[in-house]
Amino acid sequence: MSVTTMETGLDAAGVDGTADLDLVHEVADRLVTAMSSVIEGKADVVRTTVTVLFAGGHLLIEDVPGVGKTMLAKALARSIDATVRRIQFTPDLLPSDVTGVSIFNQDARRFEFRPGAIFANVVVGDEINRASPKTQSAMLESMEEHQVTVDGTTYPLQSPFIVMATQNPIEMEGTYPLPEAQRDRFMARISMGYPSARAELDLLESHGARSPLEDLVPVTDAATINRVVQAVTHVHASPAVRQYIVDLVTRSRTTTALRLGASPRAALHLLRASRAHAALEGRDHVIPDDVQALASAVLSHRLMPSSETQLARRTTAEVVTDLLRQVPVPPAAR
Amino acid sequence: MTRRRWRITLLGAAATLAAIYPISSLFNRNDWLVPVIAVISLVAAVGLVMRGLTRVRPLIPLVQVVVVGYAILWSYAGDTFSFLLPTGATLEVANSLGLQALETVQRYTVPAPLNDGVTFCLVIAVALVAICVDAMAATWRSPAAAGLPLLTAYLITAANGQSALALRYFIVPVALWLIMLHTTARAQFGRWGTMATAEAGRAHPEPDPGRDPAFRTGLDAIGLEAAHDREALRSFSVGAVRLGLIALLLAVAVPAVIPHFPPRYLLEGLGRGSGGEGKGSVGFNDTVDLTRSLNNNDQTPVLTYTTTAFTRSPLRVLATSYYSQGRWLVLGEAANRVGQPQPLPPSSERRDYVLDVTGNLLAAPRIAVPYPVVAVSMEGTPWSIDPITRDVRVGKSVANYRVTYADVSPTTAQLREAGQPDSPDITQDDLTIPDRSRDLIHRWSNQVTAGANNSLDKAIAIQDHLRDTSRYTYSLDLGPTVRDSTGRIAEPIQAFYETRRGYCVQFATAMIMLARAQGIPARMAIGFLPGSRSGDKYVVRSSDAHAWPELYFQGSGWLRFEPTPGSRSGAPPSYTIVGAESGPTGGGRAVTERGSIKPPIKTVAGPAERDVTTTPTDVSLLSRLSSVVSVRGVATTLAVLVGLLAAFIMPITAWVLRERRRRAARTRQDLLEVEWEDLTSHLRDLGIVGPAGSTLRQVRERFISEGHLDETTASAMRRVTTTLEKSRYDLPERTSRAEAEELQRDIRSIRRHVGATRTWSIRVRSFVWPEAGVSFWRSLAARVLRDR
């Protein structure tokens, strides 16, 4: 990839750029292969997961219990040779359990910071909507800022840093649904969906003896992921594509089907995700198809349906599909 | 408007009358107007009554035809009726009336005498026009169509008249027709708003408006919408005015581009030229106008001939003595003179030659023959000779004929001794000088002929004077209009005297007038130069048209002179050259120029020389002298061109738009977009529509599946979209020239392959009716209608 000097100070050599793109492709291949051995019959979910990872975003996995949300998160965590922490959110979980806490050391006669569960490359937040809003917000703040501030001291988080939170649909009992502002922090939301009959049959067979997770060995490491994330930011997004994204989010704010449209952050996330998607396809430039492929995953969890949409029992994902149909792809016919 | 449609009926009748009124210029009396007005009124009255009685539209014109036909027959052949019904004898009377009309029309030139037969036919024709107009305008309520019969009626006169019709003859019927259009359009438009009332009133046993509450509500609603209606009506009118303005502009602009057709153009060669070879014919305008410049250089052959003579004489078509207000005219009575011409000199004093003409295209009644004619032979065509001018006239156009003509070149000695002119061949017109220029002509003539003491020497002096190229300039362009001291447009002879430039008509006229001033009878001859050799034949073309003076010498008759300078108008006849040995036997020899005249070509001034050499002759009096085959040719070509242009307006528009976009493209990206747009538009024309607003890949997949593209074409399509994708979304400099060229190649192959899989009809439609062109015109029309 020959990177425009405008976008990067790292390298401008075509050879290095191409090498980066190859690296992205190779790492993605290895990750997808590894994860697919655990998550069967869900190639698109796996691919989206990897895309979000490469785009440097966080992932919200939402579905009913038992379809493999946690398995997906763990599979990704295991495939990368990095620090992995898992937080099981419960109503009594405290913010300090997540961020860490300063404890008075009697010997040293001073406070010492004990890092919380969030200090890792990959954080798996299981059933995040079971935690109290206070705890949720403690984690979500650190997600955006990549740092934790305890007792006036700021501690940077590791890099790469990806949070994969799972949640049950909000209708389920005993949950505290994430506020819109916090949902906005996740780059994408995916649903697992039930496996196909064939995949389910395989699953019963392979999971009978022992979990396939145990066979999973890391196929890449944190440093590589960092390089990949860096490389993805150099994928070229033409003015036309950027215009398309702006058109899409603008339309989401004006359409009557939605009460709340997409935020500027959503546009930013969509562009980053599209770049990663393009890189995964081996392209060094974003095309509108990349945007369309990820629009539903990136946008639908941030949107609030209008009452008409709710009455019609339409999901925000369907609304996003409509938006894609309505907004013409630039360059529009002159 | 009631069902009878009073207003439109009366307007239609008035328009019919206005359109046929100019026919009065074709006949010498106006008696025909009375029965014609009666018939038009009858048609209108029957129409009004019938529209009140019946709803069956075809019945109305039928009844009109029957009633009017009966009335006409009764008034012209009422005495043959038995029990109030026409009989076989009635038809015989009608037939003889028709024959009488036919004979009159064939025998007489305009203005023709009026007789019962002509009136009868006129009344029938007018009745038909009136019924057509009434049926179209009032019965079927499409006054736009009624314009056609009105135009036909008008064209009868326009096509047969001697000269262009005055503007008022056109303005009045057109104005009436436009009022008809306006009335009907307004009434129909008004019904949009008040449809409920109008329809209720018309179609159903009417509900009482006062008592019917639903009806009342409807009326109120209409009242509320009235303002809206008025607004709509206003925009409607504005649109109409706009279209009218465009039409007006076109009406002014188009005639400026298209050459002016002579007024008789439409029927020439159709009615009169039927005896020709079917190629059309050359009309010959009898009138010569001195004030017009010439710009015609038509090379259409008029006739081809072989001759037994060594040198060739001009072929004369007609001669006229009558000069009026700058024009030479053939008067009606002159055209119909009958009798025998004066005998020619005895055969010992002349020499006869034979001239065989083939492929003559000159329209009847004119033919071109050398002067003077001894005998004419043409198969089965009646001909006559004018006793005074010896013009030969034919009953119908004739392609081939043989003429025997005499060469009566007297010697100068004979001519010098000729006495006072006294012959029945001379009329008063032959010595008439226009009053306005009389003084000038006498002064000029006396000056020129000073020192000459006999007619011949005077004539030669005048001829030499005019041929002197240091004094006069030969030019087809007469230059700006000359005005006299009082600001009036100068008499053409005076203008020629002032400007000293002109072509054969001016030179010939000047010589005639100067000779007349000296008491020599002189007249204008119009015809053709001998033409150019083509193999063993000679071809006379339209551009050979020429005019020359004929002067009368007692004992020798009318003799040709040649005052026009120039190489092709030729040397003057031998007897007009001082010192030349002449005589009948010498007339066949080429004349060497010597003596009194200077070799013209060498001293001709710059611009004139160009005219003389490049436009070979004293080119044609064409636009004045004759209207020509080629006028029709030009008109046909123009019509075909315009037709083709109209038929292919859409593809041409599409092509122009594409080229414009292509030129406007600044970058390679723009160019690729143009190519792609072109392809999608073409595929759309072929019935393969890409989803609007989709990504290139989606469009591509649609094309491949809907177009049932084969593998080669599909991969070409993939290459195209990939390149285009790169051009659109990657860095601009990454798209290489090679890729762009490949894209163009691929697009061509896709077009070819996809086109080959479509049916013939779709392909033709996609060519003739491309969306790219159609949408342009559609949007243009929408813009024009919307902007206000």
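Definitions and cut-offs
Residues numbered from 1 in each chain as written. Chains lettered and ligands numbered in written order. Predicted model: local features only at pLDDT ≥ 70, side-chain atom pairs only at ≥ 80, totals over all residues. Heavy atoms only, no water. Helix = DSSP H or I, 4+ residues; strand = E, 2+ residues; numbered from the N terminus. Buried < 20%, exposed > 50% of the residue type's maximum accessible area, 1.4 Å probe, protein only. Contact = heavy atoms within 4.5 Å. Areas by Shrake-Rupley, 256 points an atom, 1.4 Å probe, with all protein chains shown as cover. Pairing = 2+ DSSP bridges. Axes fitted to C-alpha atoms, helices over the stretch in contact; angles between N-to-C directions. UniProt positions renumbered as here; feature names shortened; annotations may be inferred. Core = buried A, V, L, I, M, F, W, Y, C linked by side-chain atoms within 4.5 Å. Buried area = accessible area lost by both parts, 1.4 Å probe. Salt bridge = Lys/Arg side-chain N within 4 Å of Asp/Glu carboxyl O. Polar contact = N/O pair within 3.5 Å; in protein donor to acceptor, adjacent residues only side chain to side chain. pLDDT = per-residue confidence, 0-100. Left-handed = near helix turned anticlockwise from the far one by under 90°. Nonpolar A, V, L, I, M, F, W, Y, C, P; charged D, E, K, R; others polar. Patch = residues over 30% accessible without salt bridge, like charges linked within 9 Å, V, L, I, M, F, W, Y side chains within 5 Å.

A. Seen up close, the overall build of chain A. Looking only at helices and strands, chain A has 13 helices and 13 strands in total. Out of the 334 residues in chain A, the part that is buried amounts to 53%. Of the contacts made within chain A by residues no fewer than 6 positions apart, 78% connect residues no fewer than 24 positions apart. Split by element, the accessible area of chain A, about 15200 Å² in all, is 53% carbon and sulfur.

B. The arrangement of the sheet that holds strand β6 (residues 122–126) of chain A in detail. Residues and elements named next belong to chain A. Ordered by their spatial adjacency, 5 strands build an open sheet running β3-β6-β9-β1-β10, and the pairing between neighbours is parallel. Each edge of the open sheet is held by one strand with a lone partner, namely β3 (84–88) and β10 (188–190). Adjacent strand axes in the sheet meet at a mean angle of 15° when their direction is disregarded. Alignment of β6 against strand β9 (residues 162–167), held across 4 bridges, turns out to be parallel. If you follow V122 over to β9, its bridge partner there is I162. Against the sheet, helix α3 (residues 69–79) touches β1 (59–62), β3, β6, β9 and β10, its axis set at about 165° to β9.

C. Molecular detail of the sheet that holds strand β4 (residues 315–320) of chain B. Residue and element names in this part refer to chain B. What the 4 strands build is an open sheet, ordered β4-β14-β17-β18; its pairing is antiparallel. Sheet topology places β4 and β18 (557–560) at the edges, where each strand pairs with a single neighbour. Sheet twist, expressed as the mean angle between neighbouring strand axes with direction ignored, is 35°. Both strand β17 (residues 545–553) and β18 contribute to a ladder of 4 bridges, which runs antiparallel. For F553, the partnering residue across the bridge sits in β18 and is G557. Set on the sheet, helix α15 (residues 504–517) makes contact with β14 (522–528) and β17; between it and β17 the angle comes to about 10°.

D. Spotlight on the pairing of strand β5 (residues 110–115) of chain A. Residues and elements named next belong to chain A. Of the strand pairs in this sheet, strand β4 (residues 100–105) and β5 are connected by 6 bridges, and their pairing is antiparallel. Pairing of V101 across the sheet is with R114, part of β5. Hairpin geometry of β4 and β5 is characterised by an intervening segment of 4 residues between the two adjacent antiparallel strands and by a positive phi of about 60° at R109.

E. Structural context of the environment of S694 of chain B. Secondary-structure assignment places S694 of chain B in the loop between α21 (668–685) and α22 (696–706). Among residues more than four places away in sequence, those in contact with S694 of chain B are V329 of chain A together with V699 of chain B.

F. Region of the structure containing the UniProt feature "transmembrane region" (unreviewed entry) in chain B. Residues annotated in UniProt with the feature "transmembrane region" (unreviewed entry) correspond here to residues 32–50, 59–77, 117–137, 144–161, 167–185, 240–258 and 634–657 of chain B. Secondary structure over residues 59–77 of chain B splits into 100% helix and 0% strand, and the C-alpha atoms at its two ends are 26 Å apart.

G. Spotlight on unusual backbone geometry. For the bond from S159 of chain A to P160 of chain A, the omega torsion is -5°, close enough to zero to count as cis. Secondary-structure assignment places P160 of chain A in the loop between β8 (153–156) and β9. Cis geometry is adopted by the peptide bond preceding P372 of chain B, which originates at Y371 of chain B and carries an omega value of -5°. Structurally, P372 of chain B is set in the loop between β7 (351–358) and β8 (373–377). Located in the positive-phi region is E127 of chain A, a residue other than glycine, with phi close to 50°. One can find E127 of chain A in the loop between β6 and α5 (133–145). Its identity as a non-glycine residue notwithstanding, H708 of chain B has a phi of 50°, on the positive side.

H. Spatial organisation of the nonpolar core. Membership of the largest hydrophobic core comes to 79 residues, with the highest contact counts inside it found for L31, F54, L72 and L299 of chain A. Residues V376, F496, I526 and F553 of chain B belong to the second largest nonpolar core, which totals 72 residues.

I. Spatial organisation of the interface of chain A and chain B. Tallying the contact residues gives 21 residues for chain A and 15 residues for chain B. For the pair chain A and chain B, the summed buried surface comes to about 1500 Å²; carbon and sulfur atoms form 49% of the total. Counting across the chain A and chain B interface gives 2 salt bridges. Close ionic contact of R734 of chain B with D284 of chain A constitutes a salt bridge, the shortest N to O distance being 2.9 Å. For the pair chain A and chain B, the interface holds 5 residue pairs in polar contact (both at pLDDT 80 or more). Among the elements that line the side of chain A that touches chain B, the one with the most residues is helix α11 (residues 288–299) of chain A, at 3 residues.

J. Fine view of the confidence of the model for chain A. Chain-level statistics for chain A give a pLDDT mean of 83 and a share of 91% at 70 or above. Per-residue pLDDT, averaged within each element of chain A, yields its smallest value for helix α1 (residues 14–36) of chain A (77) and its largest for helix α10 (residues 264–280) of chain A (92).

K. Representation of the packing of helix α23 (residues 711–729) of chain B against helix α24 (residues 737–757) of chain B within the structure. Residue and element names in this part refer to chain B. Between α23 and α24, the least distance of the axes is 9 Å, while the angle of their chain directions is 145°. The handedness of the crossing between α23 and α24 is left-handed. Contacts from T713, A716, M717, R719, V720, T723, L724 and K726 of α23 reach α24 at E739, E742, L743, D746, I747, S749, I750, H753 and V754. Each residue belonging to the contact of α23 with α24 can be placed in one class, and the counts come to 8 nonpolar, 4 polar and 5 charged.

L. Layout of the pattern of salt bridges. This structure, assessed with the given rule, holds 38 salt bridges over all chains. With a shortest N-O distance of 3.0 Å, K726 of chain B and E739 of chain B are connected by a salt bridge. Within this pair, whereas K726 of chain B is found in helix α23, its partner E739 of chain B is found in helix α24, the two being separated by 13 residues in sequence. Its relative accessible area of 23% is what places K726 of chain B among the partly exposed residues. A salt bridge links D730 of chain B to R734 of chain B; the shortest N-O distance between them is 2.7 Å. Overlapping salt bridges bring together E144, D184, R265 and R302 of chain A as one network.

M. Just the confidence of the model for chain B, in detail. Residue and element names in this part refer to chain B. When pLDDT is averaged across chain B, the result is 76; 78% of the residues are at 70 or more. Below a pLDDT of 50 lies the segment residues 262–281, which in the model reaches 45 contacts outside its immediate sequence neighbourhood of four places, other chains included. Across residues 580–630, where pLDDT falls below 50, the model places 143 contacts with residues more than four positions away in sequence or in other chains.

N. Broad picture of the pairing of β1 of chain A. Residues and elements named next belong to chain A. Of the two faces of β1, the one lined by L59 and I61 and the one lined by L60 and E62 are each fully buried. As paired strands, β1 and β9 are joined by 4 bridges and run parallel to one another. Bridge pairing links L59 to M164 in β9. As paired strands, β1 and β10 are joined by 3 bridges and run parallel to one another. Following the sheet pairing, I61 is matched in β10 by I190.

O. Here's a closer look at a nonpolar patch on the surface. Residue and element names in this part refer to chain B. A cluster of nonpolar side chains, contributed by V640, L641, L644, L645, F648, I652, W655, V656 and F767, occupies part of the molecular surface with about 820 Å² of accessible area. Within the residue set of the nonpolar patch, elements represented by two or more residues are α19 (629–647) and α20 (649–664). The greatest single-element share of the nonpolar patch, amounting to 4 residues, is contributed by α19. In this fold, L645 is placed in helix α19.

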